[in-house]
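# Residue-level structural notes
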2 protein chains.
Amino acid sequence: MNIAVLGTGIVGRTHAAKLASLGHDVTIGTKDVKKTLAETEPDAMGNPPFSIWQKENKKVKLVPFAAAAKHGEIIFEALHGMIAVEVLRTLEIDLDQKILINISNPLDFSKGMPPTLTVSNTDSLGEQIQKALPNTKVVKTLNTVGALLQVNPGSLADGDHHIFVSGNDTKAKTKVIEILKEWYGWKHIIDLGYITTARGTEMTLPMWLRLWGALGTGNFNYKIVTSD
Amino acid sequence: MNIAVLGTGIVGRTHAAKLASLGHDVTIGTKDVKKTLAETEPDAMGNPPFSIWQKENKKVKLVPFAAAAKHGEIIFEALHGMIAVEVLRTLEIDLDQKILINISNPLDFSKGMPPTLTVSNTDSLGEQIQKALPNTKVVKTLNTVGALLQVNPGSLADGDHHIFVSGNDTKAKTKVIEILKEWYGWKHIIDLGYITTARGTEMTLPMWLRLWGALGTGNFNYKIVTSD
């Protein structure tokens, strides 16, 4: 399948590599291809510059955002949360009627660590993206775990933990759930309901950050334990 | 031990009943004893009026907030989140140097369901209470699960799920962790750090509410699955 990944950070790269390894035709979108390729320093998290990663992932093509959005039948959105709405708004026509998997969270690192949320409580990034792209089928998911777990849940406790989906379009959610199961190996998926439920998953980020601090690792996830 | 529970709602009652059953001398504090006893209607959640509950829990004494605060060596705070700071501020002298277990969440039901939070992201109810009571040892815990699970975690999956503590005073947290384990039977407790980490646990409430909707039961909890 023709797939677009938007964002060249660690989340975007992780999905692009995994999707390419599954045989998909993957483009990864960025604002300025030349600038992204010219970066020579690791990012704030110590990840190598894109050009180094690209050498080991030659099948993934780096293109401008609009070209990626045109190419993808399904879009994996992994932008920085603070610019996601602004970027996506420019791609409205190319994303018309397509499924957009919104992975990014509205994290604001500008005020020090741990980051706060730019939007929460009475709104969410998932809802803001759906409003900016009224004819795109926005499904929020994977935003509650780290990048490596997102594409390889089986690496932790044989996959015995949960992931969540939020979205207004039932068929799109069914397709995304199929992708999560069949491509990535997620076993336990809870459909929370409409895109407004993205408020719930996005607001778990402050907890994730404190657990990361307490546990000393980001390699963890929630298992929802019920009586049934 | 002499214990005070503040708040006559379902959370306060559940703790008072459990603590009395363990042999403690429990008072439960309210604003206006006569008014609380005069209630004849079930509350919004369908819980019976206090006087009915009292008949089955005669050992628990209903007293004004200040008398309860004086009585308790340890305080279980289970007020409505929206009035908690206002009430506690009036009890500052009686709560001096004591451990206060802050269970309440800053839930605002005034704007319809699901409730939003009155404070989040850059502050928390736990922090606001600690600021209002600078000489009290505030420990936030139990706020991420329903009342019945709070005092009886073993009723779900034999207790194989997690609870969290946040607070600035290490000795107070050690004591609260001991209470959680020995009185209530919690097996898995994560110390998240300072009271600021209450932002993390309080902000999971919107997720709890959506999971409640998706699962059709409030009888669930998070198990933190890690690689270690």
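Quick notes on the rules
- Each chain has its residues counted from 1, following the order in which its sequence is written.
- All chains are assigned letters beginning at A, and all ligands numbers beginning at 1, according to the order in which they are written.
- Per-residue local features are limited, in this predicted model, to residues with pLDDT of at least 70; the limit for side-chain atom pairs, both in listing and counting, is 80 or more; totals at the level of whole chains, interfaces and linings are taken over all residues.
- No hydrogens and no water enter the side-chain calculation; it runs on all heavy atoms of the structure.
- Two residues form a contact once any of their heavy atoms are found within 4.5 Å.
- Two parts placed together each lose some accessible area under a 1.4 Å probe, and the buried area is that loss summed for both.
- Any Lys or Arg side-chain nitrogen located within 4 Å of an Asp or Glu carboxyl oxygen qualifies as a salt bridge.
- Polar contacts, as counted here, are pairs of nitrogen or oxygen atoms within 3.5 Å of one another; within protein the pair requires one atom able to donate a hydrogen and one able to accept it, and residues that are adjacent in sequence qualify only if both atoms are side-chain atoms.
- A run of DSSP states H or I qualifies as a helix once it reaches four residues; a run of E qualifies as a strand once it reaches two. Both are numbered from the N-terminal end.
- Under the convention adopted here, Pro, Cys and the residues Ala, Val, Leu, Ile, Met, Phe, Trp and Tyr are nonpolar, Asp, Glu, Lys and Arg are charged, and Gly plus all remaining residues are polar.
- We call two strands paired when DSSP finds no fewer than two bridges between them.
- Each residue gets a pLDDT score, which is the predictor's confidence in that residue and runs from 0 to 100.
- The copies are overlaid by a least-squares fit using only the C-alpha atoms of residues whose pLDDT is at least 70 in both copies.
- Think of a nonpolar core as a cluster: buried Ala, Val, Leu, Ile, Met, Phe, Trp, Tyr and Cys residues, connected wherever their side-chain atoms sit within 4.5 Å.
- Residue burial is assigned from relative accessible area. The probe radius is 1.4 Å, only protein chains are included, and a residue is buried under 20% of its type maximum, exposed over 50%, and partly exposed in between.

Before going further, it helps to examine the interface of chain A and chain B. Chain A puts 37 residues into the contact, and the matching count from chain B is 37 residues. When chain A packs against chain B, close to 2,900 Å² is buried across both sides, 71% of that on carbon and sulfur atoms. Contact with chain B buries area across many residues of chain A, yet A:Met207, A:Arg210 and A:Val225 alone supply 21% of it, more than any other trio. Our enumeration of links across chain A and chain B arrives at 0 salt bridges. Here chain A and chain B share 7 residue pairs in polar contact (both at pLDDT 80 or more) between them. When residues of the side of chain A that touches chain B are traced back to their parent elements, those giving at least two are strand E7 (116-117), strand E10 (188-193), helix H9 (198-202), helix H10 (205-215) and strand E11 (220-226) of chain A. It is E11(A) that contributes the most residues to the side of chain A that touches chain B, 7 residues altogether. A per-class count over the side of chain A that touches chain B returns 16 nonpolar, 15 polar and 6 charged. Here E11(A) runs beside strand E11 (residues 220-226) of chain B; their pairing, made up of 7 bridges, is antiparallel.

Moving on, we get to the confidence of the model for chain A. Scored by pLDDT, chain A has a mean of 97; 100% of the residues are at 70 or more. Across the assembled chains, the prediction reports ipTM 0.95 with pTM 0.96.

For the pair chain A and chain B, the relating rotation is 180°, the translation along its axis is 0.0 Å, and the fit reaches an RMSD of 0.0 Å. The relationship between the two copies is best expressed as a two-fold rotation axis. The fraction of interface residues of chain A whose copies in chain B are also interface residues reaches 100%, indicating that both copies meet through the same surface.

Before going further, it helps to spend a moment on the nonpolar core. With 34 residues, the main nonpolar core has A:Leu19, A:Phe76, A:Leu180, A:Tyr184 and A:Trp186 as its most contacted residues. The dominant element in this core, judged by the number of residues it contributes, is helix H8 (residues 170-184) of chain A, at 7 residues. Listed in part, the 33 residues of the second largest apolar core include B:Leu62, B:Ile163, B:Ala172 and B:Tyr184.

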